[in-house]
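# Secondary and tertiary structure notes
Chain residues, written in single-letter form:
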Amino acid sequence: MKLYINGEFHAMDTSLSVFSALLEKDGKIADVGESKALAQKYPDAEIINLEGKCVIPGIIDTHTHIFAAAYSEKTRELIIPKSVSELLDNLRERVKSLKPGEWVVYKNTYPLRLRELRYPTKEELDDVAPNNPVSVDGYYSTQLNTCALKTIDFDMLPKGAGIEYDKNGEMTGLIKCGNPYITSFVDYGDGSEKEAVKTLMQEYNKCGITMGVNAMGSVDDIKLMKKLQDDGEQTVRVRYTLPAVDAVAKAAMETDAGDREFARVEFLKNFLDGGFLTGTAFMEHPYHGLYEIFGIDTHGKDDYGMVLLSEEELADKIRLARKYGLKYGAHCVGSGASRRLLNAYKIVDAENSIKGERHSLIHADFMDGNAIADANSMGISVLFQPAWHYVDAPYLDKFLHPEDMARFMKYSTILKADLAAAGSDHMVKHDPNESVNPYNPFTAMYNMSTCRARDGKAYGAESAVDRDSALIAYTRDAARVCFDEDKLGTLEIGKLADFAVLDNNYFTCPEEEIPAIRAAMTIVNGKRVW
């Protein structure tokens, strides 16, 4: 039994209660109140003096790739170039130590995040690495060199993948929506996957993160985390997402994930479109400038991006999730993709109401009021990631239609959803700020409350929300996504003792100090994990 006193506890409940003391017993919050009174009431409790520090509920990241991100640096630092010139210089050095035919892969390297705002060309890659297959992997599109084009098996590309050709009918090396096959050639080395996951969970704990929704994974991920849990080494609660395939769902549901409060399967998922970082998100209005940035030749026709599933195909996937008592969510970045998914939900809802099941829209970066209203009518949650605004807002006008630009990541609109919860879409690297995407939740909350991007400028400042609302999207409402609100998300008596003691006061510090906030102490299930 531990009594934390002299803190500034923000419960983040509906009353936004604040108190100075919290009693933890058996992993739960046993009492809250004022320090002097609780110290007198519980004279046998171990006293922990917080010396005035701000305390918040444990942060819940509703969209992260814990395992993939952990493995990406299990043996060495993952290099993500910031420019085409840096990439080519790095490639020139790397091939010196490789045998001909060995792959070089630049993971999660997007044209929009390279200084030149373009991919390296096939010819540039050929000039530096003529004898090694090279992949510049933007996931939703990938730039290959000639050696890679000769190496891959085109029959392995999924339905809906696109191959770009130049005016002479030759492949340019750009493959659109070729994942997972085209992204599978990376080698992260032979390091321990278990140790890598432990290391990344500790990095999450340093940021006050106590739970994550793993946005896509496998049965092997469930088994690995179970081993960590059995060894008392799981320091981040996990809710799993699996591909919307019947055999996979069945196997996942039959796999022992251990303590359900720490780990359980919650979602089935598909990819509906690509991403705006590669000009492949499915939009309601046509793109412009696709060739200059993304290497996509529209041949004079309007291009709306890539769409991979029909409404009826999506409806079948939703039905599959319901068959297993799970929630469904599809990756739907573009305005056209989120509209298509909403229409699919309507098809299934008309058969048997889905309200109350908390299916989701994942990403949905271009929601307007009508889309939010449709989501609310069916109880659909909106899972959004401020990192997209923080990193990429400065460049979108170079290729997006003005009407789509006008509704990009409008937080004041998104939070009109009955359930909107924040996450990071952390995919690779361990550093909270240099990772893709940055998973530092305080940077995300700074962005939500200022609309300032990484370049320091505000984009769509009129849609900024207050600090309480930003934090609620990472705590109280984030807990609702997986029906955890009775046990997590707020600091209330009877709930699990997950909270973070901060090294600065999130509520009162100057706004420019918010991104630098870290946890001085993180508690999960009553146990100090950081």
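See the structure above.
Read on for an overview of the structure. All figures in this text were calculated on a predicted structure; none of them were measured in a lab.

Reading the values: rules and limits
- Residues numbered from 1 in each chain as written.
- Predicted model: local features only at pLDDT ≥ 70, side-chain atom pairs only at ≥ 80, totals over all residues.
- Heavy atoms only, no water.
- Helix = DSSP H or I, 4+ residues; strand = E, 2+ residues; numbered from the N terminus.
- Buried < 20%, exposed > 50% of the residue type's maximum accessible area, 1.4 Å probe, protein only.
- Salt bridge = Lys/Arg side-chain N within 4 Å of Asp/Glu carboxyl O.
- Contact = heavy atoms within 4.5 Å.
- Core = buried A, V, L, I, M, F, W, Y, C linked by side-chain atoms within 4.5 Å.
- Phe/Tyr/Trp six-rings, centres within 6.5 Å; stacked < 30°, edge-to-face > 60°.
- Lys NZ or Arg CZ within 6 Å of the ring centre and 35° of its normal.
- Pairing = 2+ DSSP bridges.
- Axes fitted to C-alpha atoms, helices over the stretch in contact; angles between N-to-C directions.
- Right-handed = clockwise from strand over helix to strand, strands pointing away.

## Section: the environment of L125
Within the secondary structure, L125 is located in helix 4 (residues 122-128). Using a relative accessible area of 0% as the deciding quantity, one classes L125 as buried. In this structure, the C-alpha to C-alpha distance between L125 and L144, residues 19 residues apart in sequence, is 7.9 Å.

## Things to note about the pattern of salt bridges
Opposite charge on two side chains permits pairing when their charged atoms draw close. Under the definition given, this model contains 41 salt bridges. Here D392 and R113 are joined by a salt bridge, their closest N and O atoms 2.8 Å apart. Highlighted residues: D392 in helix 13 (residues 387-392) and R113 in the loop between strand 9 (104-106) and helix 4, separated in sequence by 279 residues. Among the ionic contacts, a cluster of salt bridges with common partners joins K194, E195, K198, D231 and E233.

## Describing the side chain of H63
Note on placement: H63 falls in strand 8 (residues 59-64). Once residues within four sequence positions are removed from consideration, H63 is found in contact with V213, A215, K269, I362, H363, Q385, G423, S424, D425 and H426.

## Regarding the nonpolar core
One finds Y240, F276, Y328, L361 and Y506 to be the most contacted residues of the largest nonpolar core, which totals 130 residues. Per-element tally for this core: the top contributor is helix 11 (residues 335-351), with six residues. Dropping the residues within four chain positions of it, Y506 is found in contact with C54, F442, M445, R467, A470, L471, I514 and I517. Formed by 15 residues, the second largest nonpolar core is a distinct cluster that contains L22, I48, V55 and F499.

## Re the packing of aromatic side chains
Counted by the stated rule, this structure contains 21 aromatic pairs. Summarising the aromatic geometry, the rings of Y4 and F499 are spaced 5.2 Å apart at their centres and angled 85° between planes, so their arrangement reads as edge-to-face. Note that Y4 is positioned in strand 1 (residues 2-5) and F499 in strand 21 (residues 499-502), a separation of 495 residues in sequence. With a relative accessible area of 0%, F499 lands in the buried category. Taking the centre distance of 6.5 Å and the plane angle of 70° together, the rings of Y328 and Y345 count as edge-to-face. Residue Y328 is located in strand 17 (residues 327-332), and its partner Y345 is located in helix 11; the two are separated by 17 residues in the primary sequence. An aromatic cluster of at least three residues, connected via ring pairs, comprises Y4, F9, F19 and F499. The side chain of R237 reaches across the aromatic face of F262, ending 4.5 Å from its centre. The ring of F267 has K327 lying over it, and the distance from NZ or CZ to the ring centre is 5.7 Å.

## Regarding the environment of A458
Along the chain, the position of A458 falls in the loop between helix 16 (441-450) and helix 17 (467-472). C-alpha of A458 to C-alpha of G275: the two residues are 183 residues apart in sequence and 23 Å apart in space. Setting aside its immediate chain neighbours within four residues, A458 contacts T450, C451 and R452.

## Structural notes on the sheet that holds strand 11 (residues 141-144)
Strand order in this open sheet of five strands is 9-10-11-13-12, and the pairing throughout is mixed. At either margin of the open sheet sits one strand with a lone partner, and together these are strand 9 and strand 12 (162-165). Between one strand and the next, the sheet's axes are offset by a mean angle of 20°, whatever the strand orientation. Sheet topology note: the strand 10 (residues 134-137)/strand 11 ladder contains three bridges and is antiparallel. When the bridges of strand 11 are listed, V136 appears paired with Q143. Along the sheet, helix 3 (residues 84-94) contacts strand 9 and strand 10; its crossing angle with strand 9, the most-contacted strand, is approximately 155°.

## Considerations on the pairing of strand 17
Among the six residues in strand 17, six count as buried, and that is most of the element. Neither face of strand 17 is exposed, since K327, G329 and H331 on one face and Y328, A330 and C332 on the opposite face are all buried. Judged from the five bridges that link them, strand 16 (residues 263-271) and strand 17 form a sheet pairing that is parallel. Bridging from a neighbouring strand, F271 pairs with H331 of strand 17. Examined bridge by bridge, strand 17 and strand 18 (residues 360-363) share four bridges and lie parallel to one another. Opposite G329, over in strand 18, you have S360 as the bridge partner. For the crossover from strand 17 across helix 11 to strand 18, the handedness is right-handed.

## So, unusual backbone geometry
Put simply, N179 and P180 share a cis peptide bond, and its omega is 5°. Mapped onto the elements, P180 comes out in the loop between strand 13 (171-176) and helix 6 (193-206). The omega torsion across V436 and N437 is -10°, close enough to zero to call that bond cis. As for its position among the elements, N437 is in the loop between strand 20 (420-422) and helix 16. Although it is not a glycine, Y139 adopts a positive phi angle of roughly 65°. Mapping Y139 onto the fold places it in the loop between strand 10 and strand 11. For Y139, a relative accessible area of 19% translates into the label buried.

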